[in-house]
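Take a look at the letters that make up each chain.
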Amino acid sequence: MAQSPPHSTVWRLQCKNFTAPSGSVRGNAGTNIIGVKRGKLNGTSDDKIVAVGAHYDTVSNSPGVNDDGSGMAAMLEIARVMTSSNEQNFTTIFVAFDHEENAPPARVAIGTPCETPRGSDDFVCSWLLPFLRSSGRPEFQGIFMLETIMNYDPQPNVQTVPQPLAFPNVRIRI
Ligand SMILES: [Zn+2]
């Protein structure tokens, strides 16, 4: 019986292309880069998946080094550190999003193809749910979005949460 290669099954990297509606602000096509580090429980309902994301596009009126080069650098460092061990139980997804700046939010129907100018919308509606369904229906814990993380101020009430939020109850806990 053939044995599975030990490392090629742990990491999977893919480019996920998406098509924005014609006439949208950022053009008609984008590419998300998605890395999956499979945990020991991958493929079972006991897996508890966490995603880490940042965006790699920028626009001329934005400080691209911070927005979101800082998030990309942090995400790549997290992925680098995690390559040193194949011992984790749970699966981690890393996503570098395209077309996040100046892209209006789309109407997203999870699990159905969508035309969206925004990479994160495409990730949710056309990649994440099919992936979860093909992975033993694990529990999806959520995503850590690393956005403009060079901004730091320890004072209370110096940060606002953008509106609208898809999950208003989350704002209460921030
Ligand atoms: Zn940003």
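Being a predicted model, the structure only gives us computed values, none of them experimental.

1. Details of the nonpolar core
Counting residues in each nonpolar core, the largest one holds 15 residues, and the members touching the most others are Ile93, Phe94, Val95 and Phe123. Contributions of two or more residues to this core are made by strand 2 (29-37), strand 3 (48-55), strand 4 (92-97) and helix 2 (119-133).

2. Quick look at the confidence of the model for the protein chain
Per-residue pLDDT for the protein chain averages 82, and the proportion of residues at 70 or more is 76%. Contacts from residues 1-8, a stretch scored under 50 in pLDDT, to residues over four places away or in other chains number one contact.

3. So, helix 1 (residues 65-82)
Between the first and last C-alpha of helix 1 there are 24 Å, a value that for 18 residues agrees with the 26 Å anticipated at 1.5 Å per step. When we look at burial in helix 1, the residues that qualify are Asp67, Asp68, Gly71 and Met75. Take helix 1 and look down its axis: the buried residues cluster within an arc of 35 degrees, on one side only. Along helix 1, exposed side chains directed more than 90 degrees from the buried face belong to Val65, Glu77, Arg80 and Val81. Summarising the contacts, the buried residues of helix 1 are in contact with strand 3 and strand 4.

4. Digging into helix 2
Helix length check: helix 2 (15 residues) gives 20 Å between terminal C-alpha atoms against 21 Å at 1.5 Å per residue, within 8%. Within helix 2, the axis deviates most sharply at tryptophan 127, by approximately 35 degrees, and proline proline 130 lies no more than four positions further along. Of the positions making up helix 2, those classed as buried are Gly119, Ser120, Asp121, Asp122, Phe123, Val124, Cys125, Ser126 and Leu128. At its buried positions, helix 2 is contacted by strand 1 (11-19), strand 2, strand 3 and strand 4.

5. Some remarks on unusual backbone geometry
A cis geometry characterises the amide bond from aspartate 67 onward to aspartate 68, with omega recorded as 15 degrees. As for its position among the elements, aspartate 68 is in helix 1. With phi around 55 degrees, arginine 137 is a residue other than glycine that occupies positive phi space. Topologically, arginine 137 is positioned in the loop between helix 2 and strand 5 (139-145). Given 11 C-beta atoms within a 10 Å radius, arginine 137 is considered exposed. Phi at asparagine 157 takes a positive value of approximately 60 degrees, unusual for a residue other than glycine. Tracing the backbone through its elements, the reader meets asparagine 157 in the loop between strand 5 and helix 3 (168-173).

About the thresholds
- Residues numbered from 1 in each chain as written.
- Predicted model: local features only at pLDDT ≥ 70, side-chain atom pairs only at ≥ 80, totals over all residues.
- Core = buried A, V, L, I, M, F, W, Y, C linked by C-beta atoms within 7 Å.
- Buried ≥ 20, exposed ≤ 12 C-beta atoms within 10 Å, placed from the backbone.
- Helix = DSSP H or I, 4+ residues; strand = E, 2+ residues; numbered from the N terminus.
- pLDDT = per-residue confidence, 0-100.
- Contact = placed C-beta atoms within 7 Å.
- Expected span 1.5 Å × (residues − 1).
- Arc of directions from axis to C-beta.
- Bend = angle between axes of the 7 residues up to and from the residue.

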